[in-house]
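Descriptive structure summary
The primary structure of each chain is shown beneath.
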Amino acid sequence: MAAAIGQLAAGARGPSRFLRCGRVLLTSGDCNRGAAGARQPQPEQQLTICRQLDGIRTIILNNPKKRNALSLRMLKSLQNDILHEAESKDLRVIIISAEGPVFSSGHDLKELTDEQSQDYHAEVFQTCAEVMMLIQKHPVPIIAKVNGLATAAGCQLVASCDIALASEKSHFATPGVNIGLFCSTPAVALGRSVPKKVALEMLFTGEPITAQEALRHGLLSRVVPEEKLEEETMKIAQKICSSSRSVVAMGKATFYRQLTQDLKGAYHLASHAMLDNLATQDGQEGITAFIQKRKPVWSHS
Amino acid sequence: MAAAIGQLAAGARGPSRFLRCGRVLLTSGDCNRGAAGARQPQPEQQLTICRQLDGIRTIILNNPKKRNALSLRMLKSLQNDILHEAESKDLRVIIISAEGPVFSSGHDLKELTDEQSQDYHAEVFQTCAEVMMLIQKHPVPIIAKVNGLATAAGCQLVASCDIALASEKSHFATPGVNIGLFCSTPAVALGRSVPKKVALEMLFTGEPITAQEALRHGLLSRVVPEEKLEEETMKIAQKICSSSRSVVAMGKATFYRQLTQDLKGAYHLASHAMLDNLATQDGQEGITAFIQKRKPVWSHS
Amino acid sequence: MAAAIGQLAAGARGPSRFLRCGRVLLTSGDCNRGAAGARQPQPEQQLTICRQLDGIRTIILNNPKKRNALSLRMLKSLQNDILHEAESKDLRVIIISAEGPVFSSGHDLKELTDEQSQDYHAEVFQTCAEVMMLIQKHPVPIIAKVNGLATAAGCQLVASCDIALASEKSHFATPGVNIGLFCSTPAVALGRSVPKKVALEMLFTGEPITAQEALRHGLLSRVVPEEKLEEETMKIAQKICSSSRSVVAMGKATFYRQLTQDLKGAYHLASHAMLDNLATQDGQEGITAFIQKRKPVWSHS
């Protein structure tokens, strides 16, 4: 797991030196952030805001004027925030949310014209795919908290998270077809989240679905009134923080691995994971505490 | 894609000579139809009606007296209508609907008794599977528009389409078990559309599910009141016609290909598809038009 | 099929000698039951009650004081009851239900402390996986009938059945994370029944979902008021009994086999199954009876 994350971190293009502090400094565990954008040395705008408190890291897409477009810089900023001290015991869960009425509108189209080279386009798509796959490979649960519109690669980001909550007013679409660029990479995540017919109607028409439809079809795990979104998301995050970090990490990794196996292979893999889990300190502590009717004390390792 | 379609066309048994015109002549783009049925030279009944207008081809199963049974002749007529000038720029979307209260009752059981040879039975099942797989391989989106009962291979046909709309009164069943012929081939499409337990309850009991249940479980992408079915279907079809044919074709092919890969393979494939898409004329036209805030002018190639 | 079941039966650990009769004797087809528990010779408690009438075998988890924990003895008792005369023509469908307000709370945690050897833990997980896979390999449909709470391996048991009905008041959870033992083996069945995000929210938080949520997401095929649960379950069971046993067995085996293939492989397999089905006595009897408008008379072979 650590190795996999390490590889992904190494694969992240551009300087990843964690030069600057996040704007909102809450604890010593604050995310720092890599210098964004290798090409154009930028002044001050932070594309993502990252803060961490009591084990909960919140990453906020912070470019509402550009509808939180997933430009290459934004993708790398997000990647850095996700990867930052991924193995730290102080990090237990990540929430990805956004500033403004649009969660994210997907790629920055100005980066995809023929003013940029094909190599640049390739880097955009590769970085995007890396971020999406990183979410599954990351040791802690990653939650999308959506309050508004998520389209194209923005919808892909929601589909790629482990858990996704949205407010009632949120909508989801893959409208690339409207501008002649079919949402083929968003479809990788979308087609693994919702039934084939729902995915294809979205992809072929570009029309949005409501939060309730997204819930019905599996893109979301929960829809709540807007005024409850923060509270419900925090409830889930805090619940995750009350568990053993190492048990959760092992469970998450096993979940995604077994899901691609046939049933026999999946049970072989998962049964061994159960034995490994039992053999850990927290595995025995949890069961002992349960039998002794007391609260467990986790080592998280 | 063209090659794949070509192979399927070559695989279509029986004369495929597009001898006759459709009954309903709307434009020069009308579907012609192959002589139906190799075995018994038939008089005049057209098992499917095919018409095309403004890029939208509508294929109507037209044997309501026999509950639109998917006889070998019907399957070949449907196959010919789907394959006819599949690569023409004038064809942008296909709608499959039906005459009468039954969308389709599945195979014609009279073709499956021991009065017919096992080779004949094999041809029926092979042709049926070819038609179902053809729908995925076809370059344009294929929409099922259901207003009534779809059972057995009729339900399979709905499950195999890219998009499926139905009226509220529609029902879906796989009742083969009642007559001692388990719906194993319909189950291929059904089991890939709805959760395992829903599929098995349908297959083991033969009992129908409602349109709302079919929507909830992923067999349909949309359920509408009967009086809105035509309008809603046309809205989707027209929306598809407003996009670039080549972009849609590339997107559809990529969708089905990536869905069978593991996540990394899927992203590899889809990222390349995005680059290829960008490199097309319509890819650049779409983005340029968007940035210039004008309507794109598609070449469709 | 028979061979596969035979292997599984041989794999069942502990004496499987069908020594004792079920408590509730209804017909000569009653399930007997193997001596439960190799380790501690037990006095009289029967962990499962098994009865059979008119082709319908009902297996009742019968340790409500221990919340029907799936101890090794319980798992073996369940396994024996499922395997008992699996190939008998008198057996047509199996219903798994439970005594008391908890369907099953999953593994017996006292068996998973370090007071037991790792070999013992391994046997628990292996037996559990065998029981779950046995359900798919079994020739007759197996229905979960849930009236209460199903958690951890208890939830896995529901997810593993072919069909699952529950009363409105039922709940489902995978709370292992709370006691430091992530529900990785339950996740094998759960992750194949519900969308990824729903599974992960359940696994990461341990929080229960309602019966309606379980239905929406595919864990159940039907939810009914508590007072209708028996009637609705029996309706399905009786409907299955009205069909040919051999046709159902062939259909069930084909369903699970084709589902793991790609589309072309699945159609190849399923088309051959249709031909094999047609060639059976019950296949031709069913079609002939349908055409002659009379009730079929099944041979069940």
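Every residue gets a number counted from 1 within its own chain, in the order that chain's sequence is written. In the order they appear in the text, chains get letters beginning with A and ligands get numbers beginning with 1. Local features are withheld for residues below a pLDDT of 70 in this predicted model, meaning they are given only at 70 or higher, and side-chain atom pairs are given and counted only at 80 or more; totals for whole chains, interfaces and linings count all residues. As a rule here, side-chain values cover all heavy atoms of the structure and leave hydrogens and water aside.

Observations regarding the overall build of chain A
Counting its regular elements, chain A contains 11 helices and 12 strands. For chain A, the residues scored as buried account for 64% of the 301 residues in total. Look at the contacts in chain A between residues 6 or more apart in sequence, and 67% of them connect residues 24 or more apart. To qualify as a helix, a DSSP run of H or I must reach at least 4 residues; to qualify as a strand, a run of E must reach at least 2; elements of each kind are numbered from the N terminus. Each residue is assigned to one of three classes by its accessible area relative to the maximum for its type, calculated with a 1.4 Å probe on protein chains only: buried under 20%, partly exposed between the two thresholds, exposed over 50%. Contacts are assigned to residue pairs with any non-hydrogen atoms lying within 4.5 Å of each other.

A closer look at the relation of the copies chain B and chain A
Aligned on chain A, chain B shows an RMSD of 0.0 Å; the corresponding rotation is 120° and the shift along the axis is 0.0 Å. The superposition operator between the copies reduces to a three-fold rotation axis. Closest to the rotation axis within chain B is the C-alpha of Arg 216 of chain B, separated from it by 3.9 Å. Copy-to-copy alignment: least squares on C-alpha atoms, limited to residues at pLDDT 70 or above in both.

Some details on the pattern of salt bridges
All names here are of chain C. Put simply, a salt bridge is a Lys or Arg side-chain nitrogen that is within 4 Å of an Asp or Glu carboxyl oxygen. This model, assessed by the stated rule, comprises 21 salt bridges over all chains. Where Glu 226 meets Lys 169, a salt bridge forms, and the shortest distance between an N and an O atom there is 3.3 Å. With Glu 226 in the loop between strand S12 (222-224) and helix H8 (229-241) and Lys 169 in the loop between strand S9 (163-167) and strand S10 (171-173), the pair connects residues that are 57 residues apart, well separated along the chain. On the accessibility criterion, Lys 169 (44% relative accessible area) is partly exposed.

Details of the domain arrangement of chain A
Residue and element names in this part refer to chain A. Each domain span listed reflects an automatic or database assignment of domains. Each domain of chain A was delimited in the assignment, giving domain 1 (2-241) and domain 2 (245-291). Residue-level contacts link 14 residues of domain 1 with five residues of domain 2. Buried surface at the junction of domain 1 and domain 2, summed over both partners, amounts to about 750 Å²; 48% is from carbon and sulfur atoms. Between domain 1 and domain 2 we count one salt bridge in total. Salt-bridge contacts for Asp 162 lead to Lys 252; the nearest nitrogen and oxygen are separated by 2.7 Å. As used in this structure description, the phrase polar contact means that two N or O atoms lie within 3.5 Å; if the pair is within protein, one of them must be able to donate a hydrogen and the other to accept it, and residues adjacent in sequence are counted only when both atoms belong to side chains. The interface formed by domain 1 and domain 2 includes eight residue pairs in polar contact (both at pLDDT 80 or more). A quick way to say it: buried area is the sum, across both parts, of accessible area lost when two parts are put together, with a 1.4 Å probe.

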